[in-house]
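Observations on the three-dimensional arrangement
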Amino acid sequence: MIPASFEYHRPRSVQEALALLATHGDGARVVAGGHSLVPMMKLRMARPDHLVDLQELAELRQIRSETGYLVIGAMTTQHELIGSELLAAKCPILRETSLLIADPQVRYCGTLGGNVANGDPGNDMPAVMMVLAASYRIAGAGGERQVAARDFYRGTFATALQEGEILTEIRIPVLAAGHGYAYEKQKRKVGDYATAAAAVVLSRTGGKCTAASVALTNVADTPLFAADAGAALVGTALDAKAIAQAVRLAQKIARPSPDGRGPADFRTHVAGVMVRRAIERAAGRAA
Amino acid sequence: MSKMHLKLKVNNRDVETLTEPRTLLIHVLREQLGLTGPHIGCDTSHCGACTVDMNGRSVKSCTVLAAQADGATLLTIEGMASPDGTLHALQESFRTHHGLQCGFCTPGMITRAYRLLQENPNPTEAEIRFGISGNLCRCTGYQNIVKAIRAAADTLASVKEAAE
């Protein structure tokens, strides 16, 4: 399988990349690690006339701490996320999630920015970004803007990203010390997308849950922020009854399509199991 | 579409070839450079038979465009043995531990294992299995592949120790 012809560009700065996108309009596509786009191009489901490769943009390959935020450049690979001491200490759910994505070779190439910007409901990081209340920094011809992960996803491969824009950075508010977290993913094999997956971040003081966020992967045409499920946990002792209620509320918003991973009812069931396990594991980790 | 002058360093040799940007790296290696060690298995980035080392990372060369690889440093199975023909510890180990049957996955397995041992010179069995989870073998059931990689780690460690 060979992609259709295109012209290749390797800009040296974000400004240069934006200028290329402005010049070539909707015939241009940005490529980060290429492990979603190149397969689509090989299948001729994507046929960009101009490919703008961001691999030289070292400015987008940084992981740093800012006041109140962890900031991750969009070109940071899954492999780099896994290896980051800073993230292991401050935001360990990222490492846990990255290790469940694809396989070692793909993780050397696949980027966080590509994973969150692609808009494929099978991507794992969007749900994690939702529970982390992350926002995406987006550069365009007219300047920069930020969009919250919870507002970014519109449909399958449809996001708030406009033509001519590049997602440059992921900004994660610093997490509460002692927070509990978990990403639970059921997949058929290494490299598969989730049958269903759930991300949970929560905090607990004196036995009572003080904050909780829940989000779901691959059970609708977008990742889903399960606001009601999270709210149902706050104020409880994270006992079996509270967890069962959160599971029910999360399952209520799931709208999976039947596919090779199972019928819709089954995938909704699995989503519930993933939510329960993620809450239990996060609760066990919360200080 | 116009062709590009692709510059690569492959197995310690500078090479230049004329190709279309859309050509996949695996085709450049096999058809233009005559390096037929990396294989095309699934052509969909699942099986790992096309794995090569690119800029210090294991990549599936069926999912890398020639244009993306421009300027890269590559190592393929052809570059693993010493110039005098002495096999690399991994190659020797796959032979002595019967880490292959049909051999189709072997070049990918060995180049992947090479990078795994660079990053983790003393892996557990579980770490080896996780580390080669992007490479499929339909013959062996993996047991002897895992043994071979573990044994190669021991060989490399003792060579290193002897040198120190």
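Everything quoted here is computed from the prediction, not taken from an experiment. (Residues numbered from 1 in each chain as written. Chains lettered and ligands numbered in written order. Predicted model: local features only at pLDDT ≥ 70, side-chain atom pairs only at ≥ 80, totals over all residues. Heavy atoms only, no water.)

1. Brief notes about the overall build of chain A
Looking only at helices and strands, chain A has twelve helices and 14 strands in total. Over its C-alpha atoms chain A spans a radius of gyration of 19 Å, differing by no more than 12% from the 19 Å that the globule rule assigns to 287 residues. Taken over the C-alpha atoms alone, chain A extends approximately 60 × 45 × 35 Å along its principal axes. Per-residue burial over chain A gives 57% buried out of 287 residues. Put simply, 62% of the contacts in chain A that link residues at least 6 apart link residues at least 24 apart. (Helix = DSSP H or I, 4+ residues; strand = E, 2+ residues; numbered from the N terminus. Rg over C-alpha atoms; globule rule 2.2 N^0.38 Å. Buried < 20%, exposed > 50% of the residue type's maximum accessible area, 1.4 Å probe, protein only. Contact = heavy atoms within 4.5 Å.)

2. Thoughts on the overall build of chain B
Secondary structure assignment for chain B yields six helices and five strands. What you see in chain B, going N to C, is helices and strands ordered as β-β-α-β-β-α-β-α-α-α-α. Computed over C-alpha atoms, the radius of gyration of chain B comes to 16 Å, within 12% of the 15 Å expected from 2.2 N^0.38 for 164 residues, which places it in the range of a compact globule. If you line up chain B on its principal axes, its C-alpha atoms span 50 × 35 × 25 Å. The buried share of chain B, reckoned over its 164 residues, is 53%.

3. Brief notes about the sheet that holds strand S7 (residues 143-148) of chain A
All names here are of chain A. Taken together, the five strands give an open sheet; going across it, the order is S4-S5-S10-S6-S7, and neighbouring strands pair in antiparallel fashion. Across the chains shown, the open sheet's two edge strands, defined by having one partner strand only, are strand S4 (63-66) and S7. Averaged over neighbouring strand pairs, the angle between their axes works out to 25 degrees when direction is ignored. As paired strands, strand S6 (residues 135-140) and S7 are joined by six bridges and run antiparallel to one another. Looking at S7, one finds that Ser135 is bridged to Ala148. (Pairing = 2+ DSSP bridges. Axes fitted to C-alpha atoms, helices over the stretch in contact; angles between N-to-C directions.)

4. Points about the domain arrangement of chain A
Per the domain assignment, the segments making up chain A are domain 1 (7-53), domain 2 (60-172) and domain 3 (182-285). Using only C-alpha atoms to locate each centre, domain 1 of chain A and domain 3 of chain A end up separated by 35 Å. (Domains from an automatic or database assignment.)

5. Observations regarding the packing of aromatic side chains
Residue and element names in this part refer to chain A. For the coordinates displayed, the defined rule picks out three aromatic pairs over all chains. Ring centres 4.9 Å apart and planes at 90 degrees place the aromatic pair Tyr136 and Phe152 in the edge-to-face group. With Tyr136 in strand S6 and Phe152 in helix H9 (residues 149-152), this residue pair connects regions lying 16 residues apart in the sequence. Each member of the pair Tyr136 and Phe152 is classed as buried. Here a set of aromatic residues connected by ring pairs shows up, and it is made of Tyr136, Phe152 and Tyr153. (Phe/Tyr/Trp six-rings, centres within 6.5 Å; stacked < 30°, edge-to-face > 60°.)

6. Considering unusual backbone geometry
Across the chain, the bulk of peptide bonds are trans and the bulk of non-glycine residues have phi less than zero. All names here are of chain B. Positive phi, close to 75 degrees, is recorded for Asn12, a residue that is not glycine. Secondary-structure assignment places Asn12 in the loop between strand S1 (4-10) and strand S2 (13-19). Assessed through its relative accessible area of 72%, Asn12 is described here as exposed. Unlike most non-glycine residues, Asp43 shows phi in positive territory, near 60 degrees. Turning to its location among the elements, Asp43 is positioned in the loop between helix H1 (25-32) and strand S3 (51-54).

7. Quick look at the sheet that holds strand S3 (residues 50-53) of chain A
Residues and elements named next belong to chain A. Judged by pairing direction, the sheet is parallel, and its three strands sit side by side in the order S1-S3-S2 without closing on themselves. Both edges of this open sheet fall to strand S1 (7-9) and strand S2 (28-31), since each of them pairs with a single strand only. Each strand of the sheet is rotated relative to its neighbour by a mean of 25 degrees, with strand direction disregarded. Pairing analysis gives four bridges linking S2 to S3, with the strands arranged parallel. Residue pairing across strands places Arg29 opposite Leu51, the latter belonging to S3. Of the strands in this sheet, S1, S2 and S3 touch helix H1 (residues 14-24), which is tilted by about 170 degrees from S3.

8. Quick word on the nonpolar core
The biggest cluster of nonpolar side chains holds 40 residues, and the ones touching the most others in it are A:Leu94, A:Met129, A:Leu132 and A:Ile170. At six residues, the largest contribution of residues to this core is made by helix H8 (residues 125-131) of chain A. Among the domains, domain 2 (60-172) and domain 3 (182-285) of chain A are the pair contributing at least three residues each to this core. Contact partners of A:Met129, with chain neighbours within four places excluded, come to A:Leu94, A:Leu112, A:Val116, A:Ala134, A:Tyr136, A:Ala149, A:Ile170 and A:Ile172. Residues A:Leu37, B:Ile26, B:Val28 and B:Val59 belong to the second largest nonpolar core, which totals 33 residues. (Core = buried A, V, L, I, M, F, W, Y, C linked by side-chain atoms within 4.5 Å.)

9. Overview of the confidence of the model for chain B
The predicted model of chain B averages 97 in pLDDT, with 99% of residues at 70 or higher. Listed scores for the predicted complex are pTM 0.97 and ipTM 0.97. (pLDDT = per-residue confidence, 0-100.)

10. So, the environment of A:Gly83
With respect to the helices and strands, A:Gly83 occurs in helix H3 (residues 78-83). C-alpha separation for the pair A:Gly83 and A:Arg95, spaced twelve residues apart in sequence, amounts to 8.0 Å.

11. Brief notes about the interface of chain B and chain A
Reports of interface size often rely on the accessible area that becomes lost once the parts have come together. Taken residue by residue, the interface counts 30 residues in chain B and 33 residues in chain A. Of the roughly 2,600 Å² buried between chain B and chain A on both sides combined, carbon and sulfur atoms contribute 57%. Counting across the interface, chain B meets chain A through two salt bridges. In this structure, A:Asp103 engages B:Lys60 in a salt bridge whose closest nitrogen and oxygen atoms are separated by 2.6 Å. Taken together, chain B and chain A are joined by 16 residue pairs in polar contact (both at pLDDT 80 or more). When residues in the side of chain B that touches chain A are grouped by element, the largest group, four residues, is from strand S4 (residues 57-60) of chain B. For the side of chain B that touches chain A, the class distribution of residues is nine nonpolar, twelve polar and nine charged. (Buried area = accessible area lost by both parts, 1.4 Å probe. Salt bridge = Lys/Arg side-chain N within 4 Å of Asp/Glu carboxyl O. Polar contact = N/O pair within 3.5 Å; in protein donor to acceptor, adjacent residues only side chain to side chain. Nonpolar A, V, L, I, M, F, W, Y, C, P; charged D, E, K, R; others polar.)

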